[in-house]
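One-letter residues, chain by chain:
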Amino acid sequence: MCALRYLVENRDDSPLYIFDSSFDEDGVGQRMLSSFDVPFYFRDDLFALVGEKRRPPYRWFLVGPERSGSNLHIDPLATSAWNTLLTGVKRWVLFPPSAPRKEVKGEALRRPGEDFEAVTYFSRILPRIKEDEMRKPGGPTLGMREVMQYPGETIFVPGGWWHAVLNLEDTMAVTQNFASRVNFHEVWRKTRLARKHMARRWMQQLDVQFPFLGQEARAIDRADGFEFVFRNKKAKRAEKAGRTRRPDSSSSSSSSSSSSSSSSESSSSSSSSSSSESDSDAGMAAARKRKPLPVAANGNGAAHAKVPAANGAMELGD
Ligand SMILES: O=C(O)CCC(=O)C(=O)O
Ligand SMILES: [Fe+2]
């Protein structure tokens, strides 16, 4: 496997990190899959209801050379995750959902020329965040958790939590994201916006298999004043044309300068306060949707299959 050769032979400052979501597609992957069970606590998997083809990518085999890592992010669609380390050592930092984005990203603490690699976050930014925490008059406020993970250990990342990882040695790990009865509310709110068609199908399946969850989804929608709006292609085109035209423009130029945020999924109305995805969340979600894997890139994330671009707000939609 060339990924493993790269793991051993590379000398890069910030090595490629491989997130393989299609590892189950060949015989070796199938054997790997059958060699482990999903840990007992994480067996709820409500996205399974929409079927293997429709659901977003959800499990990865990770090959992380020493010094590679995952930048600080929140996992997509408010899903939770488990991550089991097979070999090597991983250093984690986590912050609860209440921690302000700017502070945990250390935006004000970056110095000119500093890159957005995970290794830079851990070696330069994080120590400054800690110093700031220690200087706060009432004590630390960010709720930071630091964890070292060793082979055989599984870490649970609750939905909505910020987390970053640095591989201190060459590592191999398996990770899986999931929606459960516990995180259902938040996952539903994200999914109905970001994956509208999938959400509708999901609700249909919930109604059959977990009717109380189907009803809960409707109750959440009612409380938020949310309604699904599905437009046909013609209506979408008309809407897009309307949006591109300048309000006072009498010239009927048809060349669209841009309709920056038009997404085939963006037509829902909602008053939900939790409806907007953070950049990183959206970035991760979109990145994870991308097929096929394995894809690898360095930690600044531009082409990384699972790590968000530094500020990468990316469009979602199914
Ligand atoms: O690099 C890691 O092990 C963490 C991966 C991660 O956070 C993710 O897959 O969302
Ligand atoms: Fe993650």
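Here the structure is shown first, and the text comes after it.
Okay, so let's go over this structure. (Residues numbered from 1 in each chain as written. Chains lettered and ligands numbered in written order. Predicted model: local features only at pLDDT ≥ 70, side-chain atom pairs only at ≥ 80, totals over all residues. Heavy atoms only, no water.)

1. Concerning the overall build of the protein chain
When you go through the protein chain residue by residue, the secondary structure sums to 9 helices and 10 strands. Relative to its full complement of 318 residues, the protein chain shows a buried share of 47%. Taking contacts inside the protein chain between residues at least 6 apart in sequence as the whole, the part at least 24 apart equals 80%. (Helix = DSSP H or I, 4+ residues; strand = E, 2+ residues; numbered from the N terminus. Buried < 20%, exposed > 50% of the residue type's maximum accessible area, 1.4 Å probe, protein only. Contact = heavy atoms within 4.5 Å.)

2. Things to note about the pairing of strand β3 (residues 69-73)
Of all the 5 residues making up β3, 5 are buried; the element is thus mostly covered by neighbouring parts of the structure. Here β3 pairs with strand β8 (residues 162-167) via 3 bridges, running antiparallel. Each bridged residue has a counterpart across the sheet, and for Ser70 the counterpart in β8 is Val165. (Pairing = 2+ DSSP bridges.)

3. Describing the pattern of salt bridges
In this structure the tally under the stated criterion is 15 salt bridges. With a shortest N-O distance of 2.7 Å, Arg55 and Asp45 are connected by a salt bridge. Of this pair, Arg55 sits in the loop between α2 (27-34) and β2 (59-64) while Asp45 sits in the loop between α2 and β2, and the two are 10 residues apart along the sequence. Its relative accessible area of 22% is what places Asp45 among the partly exposed residues. (Salt bridge = Lys/Arg side-chain N within 4 Å of Asp/Glu carboxyl O.)

4. A word on the packing of helix α5 (residues 184-194) against helix α7 (residues 211-224)
Describing two packed helices takes the angle between their axes plus the distance from one axis to the other. Between α5 and α7, whose axes approach to 10 Å, the crossing angle comes to 65 degrees. The orientation of α5 with respect to α7, classified from their angle, is roughly perpendicular. Considering only the axes of α5 and α7, their crossing is right-handed. When α5 is examined against α7, the residues Phe184, His185, Trp188, Arg189 and Arg192 are found in contact with a partner set consisting of Leu213, Glu216, Ala217, Ile220, Asp221 and Asp224. Partitioning the contact of α5 with α7 into residue classes produces 5 nonpolar, 1 polar and 5 charged. (Axes fitted to C-alpha atoms, helices over the stretch in contact; angles between N-to-C directions. Parallel < 35°, antiparallel > 145°, perpendicular 65-115°, else oblique. Left-handed = near helix turned anticlockwise from the far one by under 90°. Nonpolar A, V, L, I, M, F, W, Y, C, P; charged D, E, K, R; others polar.)

5. Re the sheet that holds strand β6 (residues 145-149)
Whether parallel or antiparallel, the strands of a sheet pair through hydrogen bonds between backbone atoms. Ordered by their spatial adjacency, 4 strands build an open sheet running β3-β8-β5-β6, and the pairing between neighbours is antiparallel. Each edge of the open sheet is held by one strand with a lone partner, namely β3 and β6. Taken over all neighbouring pairs, the strand axes of this sheet differ in orientation by 15 degrees on average, direction set aside. The sheet contact formed by strand β5 (residues 90-95) and β6 spans 5 bridges and is antiparallel. What sits directly across from Arg91, in β6, is Met148. Across the face of the sheet, helix α4 (residues 118-135) comes into contact with β3, β5, β6 and β8 while running at roughly 45 degrees to β5.

6. Observations regarding the coordination of the iron ion (ligand 2)
Looking at the iron ion (ligand 2), one finds its protein donor set to be His73 (NE2), Asp75 (OD) and His163 (NE2), positioned 2.0 to 2.1 Å from the metal centre. Counting residues between consecutive donors of the iron ion (ligand 2) along the chain gives the motif H-x1-D-x87-H. Here the residue His73 occupies a position in strand β3, and His163 occupies one in strand β8, the gap between them amounting to 90 residues. For the pair formed by His73 and His163, the shared burial category is buried. (Donors = N, O, S within 2.8 Å, 3.2 Å for Na, K, Ca; no water.)

7. Some remarks on the nonpolar core
By size, the foremost hydrophobic cluster in this structure holds 19 residues, and its most contacted members are Phe47, Phe184, Trp188 and Trp202. Looking at this core, the elements that each hand over two or more residues are α5, α6 (196-209) and α7. Ranked by the residues each element gives to this core, the list is headed by α6, at 5 residues. In this view, Phe47 contacts Arg55, Pro56, Leu77, Thr79, Ala179, Val187, Thr191, Met198 and Trp202; residues no more than four positions away in its chain are not counted. Among the nonpolar cores identified, the runner-up in size contains 16 residues, and Ile74, Phe122, Ile125 and Leu142 belong to it. (Core = buried A, V, L, I, M, F, W, Y, C linked by side-chain atoms within 4.5 Å.)

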